[in-house]
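A structural walkthrough
Read off the chains here:
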Amino acid sequence: QIPKTQLAAVSDDASGFTIKEIPVVQPDQLEPGRALVKILYSGVCHTDLHVIKEDWPAKPERPCIAGHEGSGIIVAINDPTSKLKIGDRVGVKWIAHSCNQCDYCLAGNEPLCAEAKCSGINAQGSFQQYCPAYTSQLTIIPDNLDMAEAAPILCAGVTVYKALKRSGARAGQWVAIPGAGGGLGSVAIQYAKYMGLSSIAIDTGAEKKALTAKLGAAAWVDFKEHPGDAIVAAVKAATPDGLGPHAAIIASPKPEAYLTAMEYIRPFGTVVAVGLPPAGAYVKADVFFTVLHNKTLTSSYVGNRLDCNEALAIAAAGHVKTPIKVVPFKALDSVYDEMAKGTIIGRAVLDLFA
Ligand code: 8ID
Ligand code: ZN
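Here the structure is a predicted model, which means the values were calculated and not measured.

**Overview of helix α10 (residues 305-316)**
Each α-helix turn comprises 3.6 residues. Residues three or four places apart therefore point the same way. Between its first and last C-alpha atoms α10 spans 16 Å; for twelve residues at 1.5 Å apiece the expected length is 16 Å, and the two agree. Buried residues belonging to α10 abut β9 (139-140), α3 (147-150), α4 (156-167) and α5 (183-194). Measuring from the backbone nitrogen of Leu 306 back to the side-chain oxygen at the start of α10 gives 3.0 Å, which picks out Asn 304 as the cap. Following α10 by one or two positions, Gly 318 has its phi on the positive side, about 95°.

Here you go:
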């Protein structure tokens, strides 16, 4: 029942992509260590847009098939050493492969593995109906989690969950989330709440304000109403003692969010860099006050396999529900357009067979 051809979003250059018919890797053609995953749903992450547009120093190998929030079913496998089997519900993530033997992998830092492969960069991603995935990084999706809802957890969910852990913020404390109305931000609010944190949603527009309030944000700051440095006072004022949040998870794809965060976090606070604006973006930190106020700048890059399992389990238990809009595969172009304009509320998820 595995077809010979499939639809895939293939990008030949930075101008875009086309959805076209390409061959399906047949079971007897699968390389060792691979499984063929029938992709049912794939979230569209802003990373996919950065990748095909070549925003970053890391450029994709062409032709590239992006997509890294793919949920699907294993329909063939060539890996006798793996416990995975045909019929398993699995997720295709940003980290598509890691060696699992180097020091980074052994310590649970697979994203830093020198041999890591990334979906859309040097591995095929989930914007295709049948993905020849590496078994090394396939993630099992819990039975009781809806496949469309599971998709965004595979990147947005695990990334913000890990970033919140790396912030060191504890129950009772405050966290600012620039980008709160987007894919990463809308789940960050919910993981933060689950971890006992109060969040300050930073984004723009009435719809995102309403969404972030519904998802449990304790406060709202519209970045367009407080341009430039004016946002510093507004974010500090959103905390009960006026000192500012204990942490900030930067989930914005634009560089502006990196210019004020080190200033609005409270003394001893931590900024976690997550959003990845195009090359040439910098974090602004005044040296004197960074030292005198003992502030920390750190970063977080997706998460490891255990982080992802935890993020999925928290969602499966009902604590996190990504605000998704499921659209047909052929809508990918308009999703990218809206994403570039910043008008997507939450996360768009493609139905690969609609
Ligand atoms: O591992 C990582 N570090 C990782 C993992 C996954 C994604 C990093 N990312 C990066 C993406 O590459 C992208 O740069 O995180 C960024 C956010 O991805 P996303 O959540 O998928 O983007 P989105 O759904 O488009 O949401 C972005 C939101 O940011 C708001 C927009 O209004 C939108 O709601 N925003 C913008 I544009 N400028 C802002 C600003 N100055 C802002 N919010 C606050 N302040
Ligand atoms: Zn992503």
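**What to know about the site of ligand 1**
Residues in close proximity to ligand 1 total 31 residues, the closest being His 46, Thr 47, Asp 203, Val 302 and Arg 347. A distance of 2.9 Å is found between an oxygen atom of ligand 1 and a side-chain nitrogen or oxygen belonging to His 50. Between ligand 1 and the protein, one listed contact pairs a nitrogen atom with a side-chain N or O atom of Ser 252 at 3.4 Å. Considering ligand 1 on its own, with 900 Å² of exposed area, one finds that the protein chains cover 94% of that surface.

**Focus: the nonpolar core**
One finds Val 44, Trp 94, Phe 127, Leu 138, Leu 332, Tyr 336 and Leu 350 to be the most contacted residues of the largest nonpolar core, which totals 42 residues. Among the elements of the structure, β1 (5-10), β3 (34-43), α1 (46-53), β5 (89-92), β8 (130-134), α11 (332-341) and β17 (347-351) are those that each provide at least two residues to this core. Sorting elements by how many residues they give to this core places α11 first, with four residues. Once residues within four sequence positions are removed from consideration, Leu 138 is found in contact with Ala 35, Val 37, Ile 74, Leu 84, Val 90, Gly 91, Val 92, Lys 93 and Ala 133.

**Brief notes about the coordination of the zinc ion (ligand 2)**
Looking at the zinc ion (ligand 2), the protein donor atoms are Cys 45 (SG), His 68 (NE2) and Cys 155 (SG), and they sit 2.0 to 2.3 Å from it. Here the donor residues of the zinc ion (ligand 2) are spaced in sequence according to C-x22-H-x86-C. Of this pair, Cys 45 sits in the loop between β3 and α1 while His 68 sits in the loop between α1 and β4 (70-78), and the two are 23 residues apart along the sequence.

**Some words on the side chain of Ser 199**
With respect to the element layout, Ser 199 can be found in strand β11 (residues 198-203). Not counting chain neighbours up to four residues away, the residues in contact with Ser 199 comprise Trp 174, Val 175, Ile 177, Ile 189, Ala 217, Ala 218 and Ala 219.

**A look at the packing of α4 against α10**
Contact geometry of α4 with α10 gives a least axis separation of 9 Å together with a crossing angle of 105°. When the axis of α4 is compared with that of α10, the two are roughly perpendicular. For the pair α4 and α10, contact is made by Gly 157, Val 158, Tyr 161, Lys 162 and Lys 165 and by Asp 307, Cys 308, Glu 310, Ala 311 and Ile 314, respectively. Residue composition of the contact of α4 with α10, by class: five nonpolar, one polar and four charged.

**Brief notes about the domain arrangement of the protein**
In terms of domain boundaries, the protein breaks down into domain 1 (5-155 + 303-351) and domain 2 (157-299). Between the C-alpha centres of domain 1 and domain 2 the distance comes to 27 Å. In this complex, domain 1 contributes 28 residues to the contact, which on the side of domain 2 involves 24 residues. Here domain 1 and domain 2 share an interface that buries about 2100 Å² over both sides, 60% of which is from carbon and sulfur atoms. Counting every contact that joins domain 1 to domain 2 gives three salt bridges. Between Lys 165 and Glu 310 there is a salt bridge whose closest N-O contact spans 2.9 Å. Breaking the side of domain 1 that touches domain 2 down by element, the ones donating at least two residues are α1 and α10. At seven residues, the largest contribution of residues to the side of domain 1 that touches domain 2 is made by α10. Split by residue class, the side of domain 1 that touches domain 2 holds 15 nonpolar, eight polar and five charged.

**Overview of the environment of Ala 340**
Following the sequence through the fold, Ala 340 ends up in helix α11. C-alpha of Ala 340 to C-alpha of Leu 49: the two residues are 291 residues apart in sequence and 8.2 Å apart in space.

Calculation rules
- Residues numbered from 1 in each chain as written.
- Chains lettered and ligands numbered in written order.
- Predicted model: local features only at pLDDT ≥ 70, side-chain atom pairs only at ≥ 80, totals over all residues.
- Heavy atoms only, no water.
- Helix = DSSP H or I, 4+ residues; strand = E, 2+ residues; numbered from the N terminus.
- Expected span 1.5 Å × (residues − 1).
- Contact = heavy atoms within 4.5 Å.
- Polar contact = N/O pair within 3.5 Å; in protein donor to acceptor, adjacent residues only side chain to side chain.
- Near = heavy atom within 4 Å.
- Areas by Shrake-Rupley, 256 points an atom, 1.4 Å probe, with all protein chains shown as cover.
- Core = buried A, V, L, I, M, F, W, Y, C linked by side-chain atoms within 4.5 Å.
- Buried < 20%, exposed > 50% of the residue type's maximum accessible area, 1.4 Å probe, protein only.
- Donors = N, O, S within 2.8 Å, 3.2 Å for Na, K, Ca; no water.
- Axes fitted to C-alpha atoms, helices over the stretch in contact; angles between N-to-C directions.
- Parallel < 35°, antiparallel > 145°, perpendicular 65-115°, else oblique.
- Nonpolar A, V, L, I, M, F, W, Y, C, P; charged D, E, K, R; others polar.
- Domains from an automatic or database assignment.
- Buried area = accessible area lost by both parts, 1.4 Å probe.
- Salt bridge = Lys/Arg side-chain N within 4 Å of Asp/Glu carboxyl O.

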